[in-house]
Amino acid sequence: MQDRARMQLRRALVAVATALMLLVVPLGTIATAHPHQHGALDGHLAGSGAWGNIELLSTLDLTNIDDLIADVAVSPDGNWAYLANWGRPDCAANSEAGGINNPDAGAYVVDISDPANPTQAGFIPHHQDSRPGEGMQVVEVTTKFFDGQMLVMNSEQCGKNGKGGVVLWDVSDPRKPFRLSMHFGDRGFADTNDIHSAFAWDAGDRAYVVIVDNFETTDVDILDITNPYRPRLIAEYNLNRYIPGGVDQPEIGLSQSSLHDMVVKQIDTAFLLLLSYWDGGYVVLDVTDPAAAVYLGDTEFNNPDPELLESAGIALPPEGNAHQAEFTADNRFFIGTDEDFAPYRSIFTIETGSFAGEYPAGEFGWTPPVQSLPDGKLNGPTIYGGYGCDESTAIPPASVLDPYVGPGEERIVVLQRGPVGDSSASYGACFFSTKVENAQDAGYDGVIIANHHSGAQGGDAPDAQICGGQGHDFDERIPAVCIGHRAFHLLFASEVTYTYPESDPAIGDVGEHVKFEPVFDGWGYVHLFDAKTLAELDTYAVAEAHDPAFAFGFGDLTVHEVATHVVDADAAYLSYYSAGIRALEIRCSDRADTSTCELVETGGYLDLEGNDFWGVETFVKNGETLILGSDRDSGLWIFRDTARSN
């Protein structure tokens with residue numbers, strides 16, 4: 001009783017402070033219906049409404065700003081939804097438009113007690129220049145320090161005042177949320193490291209949250225949140241070191257295995273952590289004791305890639321991209337989603353010199369695609385331009401390469417990621433987009449950005465190709481690709497070294513001729529796995545994902561997230577970006593033999609004017625199976641599964 005009294009007193013005091021803060025923060029913008037919610041229809045896949053077992057119940061517009069909405073979460077009683085306001089995705093904290101704080105990043109609080117008539121009830125602000133995105137969850141937690149519903153959010157820095165870490169709010173009374181703790185996590189880069197996602201669970205007397213550490217290869221961080229006012233970091237794991245032999249799959253090449261998302265579920269007496277480890281596949285750990293996780297197994301991507309065999313008969317190695325996964329209600333299966341924004345596979349070749357051959361490479365998703373060039377490939381002579389930051393030595397003008405350029409070729413500048421750990425550079429690392437913009441201004445037709453080898457962000461995987469995000473607005477007119485550090489040295493026939501000082505080429509040195517030629521391999525797709533054997537049983541993708549005619553101009557046709565039905569073990573729902581909401585069913589010709597099971601689409605929704613769904617959640621209320629979808633450009637959409645409702 002004394003613990004509960006102290007808890008109630010503290011809750012009351014914090015509620016007063018929170019209420020004062022909320023007074024100065026406006027509710028999220030309630031936008032009126034816009035005639036083309038996703039802009040011109042030639043940029044999105046147009047739909048025909050609902051089909052199959054999916055019925056649209058209602059929508060609630062929360063914004064008219066494109067790409068503002070991120071994840072969605074639902075309260076345990078099904079009466080409240082929380083949608084992440086991601087802030088302006090360009091991270092322009094001080095732009096004329098107001099940057100990330102116009103409107104403020106944070107969480108919309110929506111009353112969905114009447115699913116046909118949702119209403120916004122509040123807004124929970126994030127710290128300045130910080131934003132939540134993928135890690136939105138509401139969980140019931142009961143410990144001696146806290147008893148109620150907890151909203152869990154990730155935090156990524158987006159501006160000079162940004163903060164990382166996990167953010168916890170008490171939403172036991174959603175109309176009067178109050179802050180429990182802000183920006184706890186692993187401290188390393190800047191303040192608390194950015195985290196891309198978070199997932200919390202109640203383990204009885206104790207509670208925990210696992211988070212994605214964006215800045216370290218030791219990226220599985222677990223915090224004890226038994227006392228949510230004072231979270232404690234209790235474990236960190238780098239799966240490629242913690243697990244004997246690691247989880248990388250050789251067929252993928254020099255992969256970028258790292259944690260992207262995860263869930264924890266109690267199965268029998270154990271708490272199992274299902275991690276989506278990108279090119280490392282899907283990994284299962286027993287975290288009954290989170291400080292001493294036990295490795296249970298990981299999946300292998302089928303080789304050759306099953307999607308390519310289905311779509312075009314092309315046999316290439318698997319691509320990876322394990323993004324998010326959930327167990328089914330009966331725990332016999334789990335479903336994983338591979339997010340892939342590049343419908344073309346990257347084949348990079350050094351065409352001349354002693355080290356001619358193919359090397360791993362990637363293509364940036366926010367620059368013009370290489371496929372858009374007149375001959376569909378980026379090829380020509382190269383020159384070294386240094387780091388390419390505003391503070392760097394100027395990139396040589398593209399005209400230097402004119403004597404080396406043949407018919408149909410491009411002038412290509414090679415830049416390094418960073419600088420990080422280079423004592424000869426007294427300034428900090430700059431955005432990839434800054435490098436591309438400076439190359440563009442110097443007159444180049446294409447850019448290659450090579451990974452560095454130093455520091456926590458690149459030291460454990462210097463030969464991985466890192467095609468990072470866009471840091472600010474600019475007019476992209478040239479394509480950009482990324483390669484590993486070794487390929488960078490070989491491109492200029494310099495000694496391959498991984499410590500400073502190293503044998504970098506000099507700025508202005510002309511390198512070998514290269515060719516970067518994309519091959520269509522479809523968009524991301526969905527896997528069905530046997531939860532015990534971890535064998536892959538089937539894959540699914542929308543029809544347009546297999547068709548090169550839909551590679552450009554129809555929005556992103558990759559899957560994003562999956563939500564499995566909480567009762568019906570055969571049902572699952574997908575948020576599929578521009579391909580809408582999709583309903584799946586697991587069907588088996590022999591229920592005793594999981595190898596006979598497959599994924600079958602049973603319904604879906606895609607608006608006449610397009611959608612761009614990020615998050616998906618499902619729950620059962622009063623005998624009705626309801627599905628929430630967060631549309632990046634508008635807000636909340638609520639659906640009903642007619643086959644699983646009264």
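That block above? That's the structure.
Rules of the game
Residues numbered from 1 in each chain as written. Predicted model: local features only at pLDDT ≥ 70, side-chain atom pairs only at ≥ 80, totals over all residues. Heavy atoms only, no water. Pairing = 2+ DSSP bridges. Helix = DSSP H or I, 4+ residues; strand = E, 2+ residues; numbered from the N terminus. Axes fitted to C-alpha atoms, helices over the stretch in contact; angles between N-to-C directions. Buried < 20%, exposed > 50% of the residue type's maximum accessible area, 1.4 Å probe, protein only. 1 Å grid on protein atoms, 1.4 Å probe; cavity = no way out; pocket = protein on both sides within 12 Å on 5 of 7 lines; lining within 4 Å. Points joined across faces, edges and corners; volume = space filled by probe spheres on them. Nonpolar A, V, L, I, M, F, W, Y, C, P; charged D, E, K, R; others polar. Salt bridge = Lys/Arg side-chain N within 4 Å of Asp/Glu carboxyl O. Core = buried A, V, L, I, M, F, W, Y, C linked by side-chain atoms within 4.5 Å. Contact = heavy atoms within 4.5 Å. Phe/Tyr/Trp six-rings, centres within 6.5 Å; stacked < 30°, edge-to-face > 60°. Patch = residues over 30% accessible without salt bridge, like charges linked within 9 Å, V, L, I, M, F, W, Y side chains within 5 Å. Areas by Shrake-Rupley, 256 points an atom, 1.4 Å probe, with all protein chains shown as cover.

Q: Would you mind going over the sheet that holds strand S18 (residues 270–276) with me for this structure?
A: Two modes of strand pairing occur in sheets, parallel and antiparallel, and in both the strands are linked by backbone hydrogen bonds. Taken in spatial order, the four strands make up an open sheet running S17-S18-S19-S20, and their pairing is antiparallel. Each edge of the open sheet carries a strand with a single partner, namely strand S17 (261–267) and strand S20 (294–298). Adjacent strand axes in the sheet meet at a mean angle of 25°, parallel and antiparallel pairs treated alike. Bridge analysis of strand S19 (residues 282–286) against S20 gives four bridges, and the strand direction is antiparallel. Bridged to Val284 within S20 is Gly297.

Q: Explain the pairing of strand S33 (residues 536–540) here, please?
A: Within a regular strand, side chains alternate between the sheet's two faces. In terms of residue burial, S33 counts as a mostly covered element, since five of its five residues are buried. In terms of strand pairing, strand S32 (residues 526–530) meets S33 through four bridges, oriented antiparallel. Paired with Phe529 across the bridge in S33 is Glu536. Count of turn residues in the S32/S33 antiparallel hairpin: five residues, of which Leu534 carries a positive phi of about 65°.

Q: Would you take a moment to explain the sheet that holds strand S39 (residues 624–631) for this structure?
A: Strand order across the open sheet formed by four strands is S2-S40-S39-S38, with antiparallel pairing between neighbours. Each of the sheet's edge strands pairs with one partner strand only, and the pair in question is strand S2 (54–61) and strand S38 (613–621). Direction aside, the axes of adjacent strands within the sheet are offset by 20° on average. Judged from the eight bridges that link them, S38 and S39 form a sheet pairing that is antiparallel. Within S39, the position partnered with Thr618 by the bridge is Ile627.

Q: Even after reading the chapter, I still don't get empty space enclosed by the protein, so can you show me in this structure?
A: A full pass over the atoms with the stated rule returns one cavity of 30 Å³ or more. Residue lining of the largest cavity: 11 residues in total, with Glu319, Gly320, Asn321, Asp340 and Tyr525 positioned closest to the centre. A class-by-class count of the residues in the lining of the largest cavity yields two nonpolar, three polar and six charged.

Q: Got a minute to help me understand the pattern of salt bridges in this structure?
A: When their charged atoms lie close together, side chains carrying opposite charge are able to pair. Applying the stated rule across the entire model yields 17 salt bridges. Salt-bridge contacts for Arg587 lead to Glu585; the nearest nitrogen and oxygen are separated by 2.8 Å. Arg587 sits in the partly exposed class, given a relative accessible area of 41%. Residues participating in the shared-partner salt-bridge network are Asp568, Glu585, Arg587, Asp641 and Arg644.

Q: Could you clarify how one ought to interpret unusual backbone geometry in this entry?
A: With omega at 10°, the peptide bond leading from Gly418 into Pro419 counts as cis. Along the chain, Pro419 turns up in the loop between strand S28 (412–416) and helix H4 (432–441). With a phi close to 45°, Tyr577 is a non-glycine residue in the positive phi region. Along the chain, Tyr577 falls in the loop between strand S35 (571–575) and strand S36 (581–588).

Q: What am I meant to see in the nonpolar core here?
A: A general trend in soluble globular proteins is that nonpolar side chains are found buried together. One finds Val210, Val220, Leu239, Leu273, Leu275, Val287 and Phe334 to be the most contacted residues of the largest nonpolar core, which totals 39 residues. Residue assignment for this core shows that the elements contributing at least two residues are strand S13 (195–202), strand S14 (207–213), strand S15 (220–224), strand S16 (232–237), S17, S18, S19 and strand S21 (322–327). With six residues, S18 is the single largest residue contributor to this core. Apart from the residues lying within four places of it in its own chain, the contact partners of Val210 are Ser197, Ala198, Phe199, Trp201, Val220, Asp221, Ile222, Met262, Val264 and Leu273. Core analysis: the next-biggest nonpolar cluster, separate from the first, contains 25 residues, Leu45, Ala572, Leu584 and Ile586 among them.

Q: For this particular structure, what's the right way to read the pairing of S32?
A: Burial within S32 is extensive, with five of its five residues counted as buried. On S32, burial covers both faces: Val526, Leu528 and Asp530 on one face and His527 and Phe529 on the other are all buried. For strand S22 (residues 333–338) and S32, the ladder comprises five bridges, and the chain directions are antiparallel. When the bridges of S32 are listed, Phe334 appears paired with Phe529.

Q: What's the story with H4 in this structure? I'm lost.
A: Residues spaced three or four apart along an α-helix face the same direction, because each turn holds 3.6 residues. Counting buried residues in H4 gives eight out of 10 residues, a clear majority hidden from the surface. Restricting attention to buried positions, one finds in H4 the residues Phe432, Ser433, Thr434, Lys435, Val436, Asn438, Ala439 and Gln440. The elements touched by buried residues of H4 are S28, strand S29 (446–450) and strand S30 (480–483). Two residues or fewer after H4 comes Gly443, characterised by a positive phi angle close to 100°.

Q: Looking at this structure, how should I read the packing of aromatic side chains?
A: Any two aromatic rings considered together are summarised by their centre-to-centre distance and by the angle between their planes. The tally for this structure, following the rule as stated, stands at 22 aromatic pairs. Both rings, one in Phe364 and one in Trp366, keep their centres 5.3 Å apart while their planes meet at 65°; by these two values the pair is edge-to-face. Classification of Phe364 as buried rests on a relative accessible area of 3%. According to the relative accessible area criterion, Trp366 is buried, its value standing at 15%.

Q: What's the story with a nonpolar patch on the surface in this structure? I'm lost.
A: Among the surface-exposed residues, Val400, Tyr404 and Val510 lie close enough to one another that they form a single nonpolar patch of about 230 Å² accessible area. Here Tyr404 shows up in the loop between strand S27 (382–384) and S28. Here Tyr404 falls in the partly exposed class, since its relative accessible area comes to 42%.

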